[in-house]
Amino acid sequence: MATRIQLSIRNSLWLLSSPLHPINTKGLHNLKNRLCFRSNPISSSSSRRALYCTCTSSNLPATEPYVITTPLYYVNAPPHMGSAYTTIAADAIARFQRLLGKKVIFITGTDEHGEKIATAAAACGSSPNGHCDVISQAYKALWEDLDIAYDKFIRTTNPRHEAIVKEFYLRVLANGDIYRADYDGLYCVNCEEYKVDEKELLDSNCCPIHLKPCVARKEDNYFFALSKYQKKLEETLEQNPDFVQPSSRLNEVQGWVKSGLRDFSISRASVDWGIRVPNEDKQTIYVWFDALLGYISALMEEKGQTTLQTAVSSGWPASLHLIGKDILRFHAVYWPAMLMSAGLSLPKIVFGHGFLTKDGMKMGKSLGNTLEPNDLVQRFGSDGVRYFFLREVEFGDDGDYSEDRFINIVNAHLANTIGNLLNRTLGLLKKNCQSTLVVDSTIAAEGNAFKDTVEKLVEKARFQYENLSLSSACEAVLEIGNAGNLYINEHAPWSLFKQGGAASEAAAKDLVIILEAMRIIAIALSAITPSLCKRIYTQLGYSEDQFNAATWDDTKWGGLKGGQIMAQPKPIFARIEIQMEGEDEGDLKKKASKKKERIPQAQTQSLAEA
């Protein structure tokens, strides 16, 4: 019985330390290598910062793109909050890199082959192709609703992807790393995995994940010689400690590798829905061996040549693979070994983030506590959803969703700290300055410590973005808003305007200072809440085209100019009010009014005076 290592997404904690079973080989293919690719290794760096922000690395050519990928999501079911979270985070990182002036290639897509897809399609009375079309479109629609600005959406049913998979397969075959062998054992259809270690099964040979009996299967497959790359992987992880992040994931991967790698099956004899093994009518390529190559096939231009070399030369290696920790083994063990076998460079970073829970409990349909991203977007908007999950979940760690906390955080940060600061400042400007700035923001802030505070917080936000600390980046930008609210409350421009003369002139300058801080917030937070920040920018008198053209350099103080006319004040983020059963819209307005009464006195006065 041949050893088979083939882990499902939800079973990635299974260790690689089980004893190796003998393999009955039927033949070993060894074709001559006729293709030429860049030789392996991962790029190393002594600077963590340079690794995260490749545009600042002196070792990289200026034209090298920043390639970031999400997993290719399995289309057995519609998108869930876990996949949405990964994609929101990837989008924020991609947007930040674009602000830095980097050419970004943001890749996402869907994994559409495998037995489970065919089963899901049949259950819906659909063909596999039809099922994949529907679910893939559901992902695209959700990404649009969440303001996901991807550059490439790859589907593994794309014929050009299939051509790349077959060429890669032949490349690995030519290197002597694919052979044929028998497998005889228990198989979980839902995991699409052979259960090599039967000790992990429950009574009656039930899968511990799906609680369904595994079925006995015997078939001959093609295997990839993963064990051949044991030493190379150990050396790679040792010499490039930033390759797998965060550090807890690196330790996990090193443990798997050191415990001993075993060859795994890369074909199926009993699965029709997949890419055929070259020159084989009865074997399809294993879904993971197929899907991982989507990161490369996605790089091809639409009208370019369909060759592995063309795809590789269009942006490989990836700067960052962003994944959930449950598929870490595939990306940090299998994928690097496959690339080594084909003579291709390894991705620079594999980052495994944590899981999401709801109210402290693991989510599941059986528990009735699943979190549907479409529902959240419809109820709270894309800005609120994006902000909460990126601000409240420390990137890399597990995170919890609570509706009460969601509402409290989003209302406090986006509606109050940022939205209210802009609205009341523009209101004062309209009333006292005809919505026109009296001086340049540089002149208004001369000798003012507030400007120094903002500049330090902007630099802090950039550092956190570069290090993938998205929550800390949000916090740094929010601190600018907090500082702005403190400043305007202490200076009380509504009172200074009443005094006239020099006091009125000082008040007008104070408004310019606060609005300049709001302009900087709009750019610095745009990677997290793009729609909200566009609304801020347009209220400051800019066009949408100017917002879209903004770069991180525009976070430098001095953007607003004297004579610039601001838009009419309008709330940029409405507070979330939950309508309880039996309440009507009038009740909601009364609740909102009572909450306004709890605003601090100085802030209430400014609103009344505006």
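Residues numbered from 1 in each chain as written. Predicted model: local features only at pLDDT ≥ 70, side-chain atom pairs only at ≥ 80, totals over all residues. Heavy atoms only, no water.

I keep staring at the overall build of the chain and nothing clicks. Help me out?
Broken down by element type, the chain carries 22 helices and 16 strands. The buried share among the 610 residues of the chain stands at 57%. By sequence separation, contacts in the chain at least 24 residues apart represent 78% of the contacts at least 6 residues apart. Carbon and sulfur atoms provide 49% of the accessible area of the chain, an area that totals close to 25200 Å². (Helix = DSSP H or I, 4+ residues; strand = E, 2+ residues; numbered from the N terminus. Buried < 20%, exposed > 50% of the residue type's maximum accessible area, 1.4 Å probe, protein only. Contact = heavy atoms within 4.5 Å. Areas by Shrake-Rupley, 256 points an atom, 1.4 Å probe, with all protein chains shown as cover.)

Sorry if this is basic, but what is going on with unusual backbone geometry here?
Phi is mostly negative for residues that are not glycine, and the peptide bonds are mostly trans. A cis amide bond links glutamine 245 with the next residue in sequence, proline 246, at an omega value of -10 degrees. As for its position among the elements, proline 246 is in the loop between strand S8 (244–245) and helix H7 (247–258). Omega for the peptide link from tryptophan 316 to proline 317 comes to 10 degrees, which places this bond in the cis form. The residue proline 317 is located in the loop between helix H10 (308–313) and strand S12 (320–324) in this model. Positive phi values are uncommon outside glycine, yet serine 435 reaches one of about 60 degrees.

How should the packing of aromatic side chains be read in this particular structure?
Pairs of aromatic rings are described using the distance from one ring centre to the other and the angle between the two planes. For the coordinates displayed, the defined rule picks out 31 aromatic pairs. On the basis of an interplanar angle of 65 degrees and a centroid distance of 5.8 Å, the ring pair of phenylalanine 168 and phenylalanine 289 is categorised as edge-to-face. Of this pair, phenylalanine 168 sits in helix H5 (residues 159–174) while phenylalanine 289 sits in helix H8 (residues 287–291), placing them 121 residues apart in sequence. For phenylalanine 168, a relative accessible area of 0% translates into the label buried. A ring pair is formed by phenylalanine 380 and phenylalanine 406, whose centres lie 4.7 Å apart and whose planes are at 35 degrees; its orientation type is tilted. Of the two residues, phenylalanine 380 sits in helix H12 (residues 373–392) while phenylalanine 406 sits in helix H13 (residues 403–433), which places them 26 residues apart along the sequence. Three or more aromatic residues link up through ring pairs in this structure, and these residues are Tyr85, Phe351, Phe380, Phe388, Phe389, Phe395, Tyr401 and Phe406. The side chain of lysine 140 reaches across the aromatic face of phenylalanine 153, ending 4.9 Å from its centre. The ring of tryptophan 256 has arginine 329 lying over it, and the distance from NZ or CZ to the ring centre is 4.1 Å. (Phe/Tyr/Trp six-rings, centres within 6.5 Å; stacked < 30°, edge-to-face > 60°. Lys NZ or Arg CZ within 6 Å of the ring centre and 35° of its normal.)

Please clarify how the environment of threonine 551 should be interpreted in this entry.
Relative to the helices and strands, threonine 551 is located in the loop between helix H20 (544–549) and helix H21 (585–597). Given a relative accessible area of 27%, threonine 551 falls into the partly exposed group. Residues threonine 551 and glycine 101, 450 residues apart in the sequence, show an inter-C-alpha distance of 6.8 Å. The residues touching threonine 551, leaving out its near neighbours within four places in the chain, are Leu99 and Ile523.

Would you mind showing me how to read the sheet that holds strand S3 (residues 104–111) here?
Pairing between the strands of a sheet is mediated by backbone hydrogen bonds and can be parallel or antiparallel. Pairing within the open sheet is parallel, and its six strands lie in the order S4-S3-S2-S12-S13-S8. Both edges of this open sheet fall to strand S4 (152–155) and S8, since each of them pairs with a single strand only. (Pairing = 2+ DSSP bridges.)

Explanation requested: the packing of H7 against helix H11 (residues 328–342) in the structure shown.
Working note: a packed helix pair is described by the angle between its axes plus the distance between those axes. Two elements in contact, H7 and H11, have axes whose closest approach is 11 Å; the angle formed by their N-to-C orientations is 55 degrees. On the basis of their axis angle, the class for H7 and H11 is oblique. As for the relative orientation of H7 and H11, their crossing is right-handed in sense. Touching Arg249, Glu252, Val253, Trp256 and Val257 of H7 are Leu328, Arg329, Ala332 and Val333, all from H11. (Axes fitted to C-alpha atoms, helices over the stretch in contact; angles between N-to-C directions. Parallel < 35°, antiparallel > 145°, perpendicular 65-115°, else oblique. Left-handed = near helix turned anticlockwise from the far one by under 90°.)

Is there a simple way to explain the nonpolar core in this structure?
Soluble globular proteins: nonpolar side chains tend toward being buried together. Grouped together as the largest cluster of nonpolar side chains are 179 residues, with contacts concentrated most on Phe168, Ile296, Trp316 and Phe389. Top element by residues in this core is helix H18 (residues 501–524). It accounts for 15 residues. (Core = buried A, V, L, I, M, F, W, Y, C linked by side-chain atoms within 4.5 Å.)

Please explain the pattern of salt bridges as it appears in this structure.
Pairs may arise between side chains of opposite charge once their charged atoms sit close together. Applying the stated criterion across every chain yields a total of 25 salt bridges. The salt bridge involving arginine 98 is made with aspartate 151; its shortest N-O contact spans 3.0 Å. In this pair, arginine 98 is assigned in helix H2 (residues 81–99) and aspartate 151 in the loop between helix H4 (128–145) and S4, connecting sequence segments 53 residues apart. Judged by its relative accessible area of 26%, arginine 98 is partly exposed. (Salt bridge = Lys/Arg side-chain N within 4 Å of Asp/Glu carboxyl O.)

Explain the state of the cysteines here, please?
Among covalent bonds in proteins, the disulfide is the one between the sulfur atoms of two cysteines. Using the criterion set out here, one finds zero disulfides in the structure. With no disulfide of its own, cysteine 533 lies closest to cysteine 474 among cysteine sulfurs, the gap being 9.9 Å. Residue classification places cysteine 533 among the buried positions, given a relative accessible area of 0%. (Disulfide = S-S within 2.5 Å.)

Can you walk me through the pairing of strand S7 (residues 215–224) in this structure?
Most of S7 sits out of view: seven of its ten residues are buried. Taken together, the ten bridges between strand S5 (residues 178–188) and S7 define a ladder with antiparallel strand orientation. Looking at the pairing, tyrosine 187 lines up with valine 215 of S7. Of the pairings in the sheet, the one linking S7 to strand S9 (residues 264–265) comprises two bridges and is antiparallel in character. In the strand pairing of S9, phenylalanine 224 is matched with phenylalanine 264.

Would you mind showing me how to read the confidence of the model for the chain here?
Do not read the predicted coordinates in detail wherever pLDDT is low. Residues with a pLDDT of 70 or more make up 81% of the chain, whose mean pLDDT is 85. This stretch, residues 1–61, has a pLDDT under 50; its non-local contacts, to residues over four places away or in other chains, come to 193 contacts. The low-confidence segment residues 592–610, where pLDDT is below 50, has 26 contacts with residues more than four positions distant or belonging to other chains. (pLDDT = per-residue confidence, 0-100.)

What am I meant to see in the environment of cysteine 188 here?
Its location among the elements puts cysteine 188 in strand S5. Taking C-alpha positions, cysteine 188 is 9.9 Å from arginine 217, a pair spaced 29 residues apart along the chain.

Mind showing me how you'd approach the pairing of strand S13 (residues 350–353) here?
Residues in a regular strand point their side chains to alternate faces of the sheet. On S13, burial covers both faces: Val350 and Gly352 on one face and Phe351 and His353 on the other are all buried. The pairing of S8 with S13 spans two bridges and is parallel. Across the sheet, residue valine 244 finds its bridge partner in S13, namely valine 350.

What is the right way to look at the environment of leucine 72 in this model?
Mapped onto the secondary structure, leucine 72 falls in strand S2 (residues 66–74). Since its relative accessible area comes to 10%, leucine 72 is described here as buried. When the C-alpha positions of leucine 72 and tyrosine 295 are compared, they lie 8.4 Å apart, and in sequence the two are 223 residues distant. Not counting the four nearest positions on each side in its chain, leucine 72 is found in contact with Thr108, Gly109, Thr110, Asp111, Ile154, Thr156, Ala291, Gly294 and Tyr295.

What is the right way to look at the side chain of threonine 529 in this model?
Take threonine 529: it is sitting in the loop between H18 and helix H19 (530–539). Judged by relative accessible area, threonine 529 falls into the buried class, the value being 0%. If we skip the residues at most four places from it in the chain, threonine 529 touches Asp383 and Tyr387.

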